[in-house]
Amino acid sequence: MHEVQMDKMKKFGKTYVGYEYVQPILITIDPDLIKSVTITHFENFTDILNFKIEPKVTTLDTAGGTVWHVLRKNMSPTFSSGKLKGMMEPISEIANEMIEYLNQETPKNPDIDVKQLFQSFALETISQSAFGIKSDAFQNKESELLKHGREGFSSFVMHNFAESLLNLALNQFPGLLSYISLFPAAYYKLYDITANIMKQRLDQGIKKKDFLARLQELIEEIKENPNGEVGKNLTDEHITAQGAIFFLAGFETTANALATLCYNLAQHPEIQDKVREEINNVVDEFDGRIDYESVQSMKYLEACIQENLRMYPPATLHIRQCTKDTEIAPGLVIKKGMRVDFPIYTSHHNPEFFPEPETFNPDRFLPENEKTIKPLTFRPFGGGPRFCIGQRFALIEMKLAVAKLLTSYQINTSPKTKLEFDKGSPFLLSYPELVLRMNII
Ligand code: HEM
């Protein structure tokens, strides 16, 4: 799909009108228009869907209006610096498990499907920090959570796709909604897992400090203060639903980005050597520690991660629905009910924003050069108040994983290395596998 968008942008320029059946959609990578919609006039563009869904599937990414506001406000503290710092110790342990797994596998066969490797890493990370449980993803490829994660994620992709296809029908016949579920079984399974763990914790008086603990606090708040902001706008079902989306949104995106980063580093051994040298120097300065503090000093590693997110953004598009007629630029009025699309891949590959866009050049993101990047042209995590809530979590998680990996392994291409993106995915730059050769240092 990103290829289609690239062709259209070449033909029509940075802004054009596309059609979904008979409904017009404004499609733009113009940073001024993006600012106008996602920031200046955000109150008229808070929503992602333009039809109602039941509370059990109203996750932060699908919620709209007041429900979204209240959810976002109350979920944000989970990602404060203090909370993130607390989560890093288990993540560091999981990265160690990943290295142990490689130490066990690579003597048999150094060609590793890094997509699968990082899916296990990301799954274990989310399941321990969100659900407080071990999924045993490295050793157990049949892990229940891994299965629901993969199925749920393809469904998550599908529900976005289904949303586009059913949009028109649902608009005209809202009654259809009682018959159609856009959210397949895996979603409900994750809802049940969340509900069961919360119940178990309540019954056994287990106290933790993870995402689920925050959800439990909110459910308590509804009971204690039914007329407060949370009680008036949310139900227990709304809150429980958030367990699933944190799991689904954080799993595949992070795994995809980590795998393509390793691919870029394998293609550019000189960049890989440079980033390894930085990691080793910082680790020496921090008495051998790779942790929350030390990874903050790895500026070149951060630049490599950002440059990889530019070249291969896991999400290729983000969208907003207009809820009130709004003039977003002189003479350009977006009507209520119209959707505005912001292609990410197309913006990241536009030579006007990023010269020589097909070249992997982490220097673009070094602190001294970052000012040359125009705000809202680089949007791997979206933009405005509705940007990705897991951004900081994902960045630190990726830094930790890559820092640990590069101190133990040299990443090379293998004759089996091939990066081929799935065709037709409207929102994601997904690919089935990515094999790289991992040589112990
Ligand atoms: C490399 C990793 C990731 C990428 C590239 C990514 C990308 C995105 C993008 C493009 C959006 C749409 C933002 C917009 O509409 O402006 C989004 C939303 C979201 N992401 Fe992420 N994400 C990543 C990791 C995570 C993680 C780790 C979590 C959770 C732990 C997460 C949770 C969410 C949620 C809940 C939303 C909806 C936010 C809202 O509508 O308020 N993401 N993400």
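An unreviewed UniProt entry annotates the protein chain as Cytochrome P450 CYP3027C2 of Tigriopus japonicus. The heading Cofactor (unreviewed entry) in the UniProt record of the protein chain holds the text "heme".

Trainee: What is the right way to look at the coordination of the iron atom of the ligand in this model?
Mentor: Reference values for angles at a metal are 109.5 degrees in the four-donor tetrahedral case and 90 or 180 degrees in the six-donor octahedral case. Just one protein atom coordinates the iron atom of the ligand, and that atom is Cys388 (SG), at 2.3 Å. Checked against the element boundaries, Cys388 lands in the loop between helix H14 (345–348) and helix H15 (391–408).

Trainee: Hey, could you run me through the environment of Ile39 in this one?
Mentor: Examined against the element boundaries, Ile39 turns out to sit in helix H2 (residues 31–40). For Ile39, the residues in contact, after removing those within four places along its chain, are Ile34, Leu376, Gly384 and Pro385.

Trainee: What should I look at first to understand the environment of Glu327 in this one?
Mentor: Position of Glu327 among the secondary structure elements: in strand E5 (residues 326–329). Put simply, Glu327 and His41 are 286 residues apart on the chain and 9.0 Å apart in space, counted from C-alpha to C-alpha. Residue contacts for Glu327: discarding those within four places in its chain leaves His41, Leu332 and Val333. For Glu327, the side chain forms a polar contact with the main-chain nitrogen of Gly331, separated by 2.8 Å.

Trainee: Looking at this structure, how should I read the site of the ligand?
Mentor: In the vicinity of the ligand lie 28 residues, with Trp68, Arg72, Arg320, Arg386 and Cys388 positioned nearest. Separating an oxygen atom of the ligand from a side-chain N or O atom of Trp68 is a distance of 2.8 Å. Among the elements of the structure, helix H3 (65–75), helix H10 (236–267), strand E4 (317–321) and H15 are those that each provide at least two residues to the shell around the ligand. Class assignment of the residues belonging to the shell around the ligand gives a composition of 17 nonpolar, 7 polar and 4 charged.

Trainee: Help me understand the sheet that holds strand E8 (residues 409–412), please; the structure alone is not making it clear to me.
Mentor: To summarise the sheet geometry, strands pair through backbone hydrogen bonds and adopt either a parallel or an antiparallel arrangement. Taken in spatial order, the 3 strands line up as E3-E9-E8 in an open sheet, and their pairing is antiparallel. In this open sheet, the two edge strands, each paired with only one partner strand, are strand E3 (111–113) and E8. Strand-to-strand twist across the sheet, computed as the mean angle between neighbouring axes with direction ignored, equals 40°. Sheet analysis places E8 next to strand E9 (residues 435–440), joined by 4 bridges and oriented antiparallel. In the strand pairing of E9, Tyr409 is matched with Ile440. Along the sheet, H15 makes contact with E8 and E9, crossing E8 at roughly 95°.

What counts as what
Residues numbered from 1 in each chain as written. Predicted model: local features only at pLDDT ≥ 70, side-chain atom pairs only at ≥ 80, totals over all residues. Heavy atoms only, no water. UniProt positions renumbered as here; feature names shortened; annotations may be inferred. Donors = N, O, S within 2.8 Å, 3.2 Å for Na, K, Ca; no water. Helix = DSSP H or I, 4+ residues; strand = E, 2+ residues; numbered from the N terminus. Contact = heavy atoms within 4.5 Å. Polar contact = N/O pair within 3.5 Å; in protein donor to acceptor, adjacent residues only side chain to side chain. Near = heavy atom within 4 Å. Nonpolar A, V, L, I, M, F, W, Y, C, P; charged D, E, K, R; others polar. Pairing = 2+ DSSP bridges. Axes fitted to C-alpha atoms, helices over the stretch in contact; angles between N-to-C directions.

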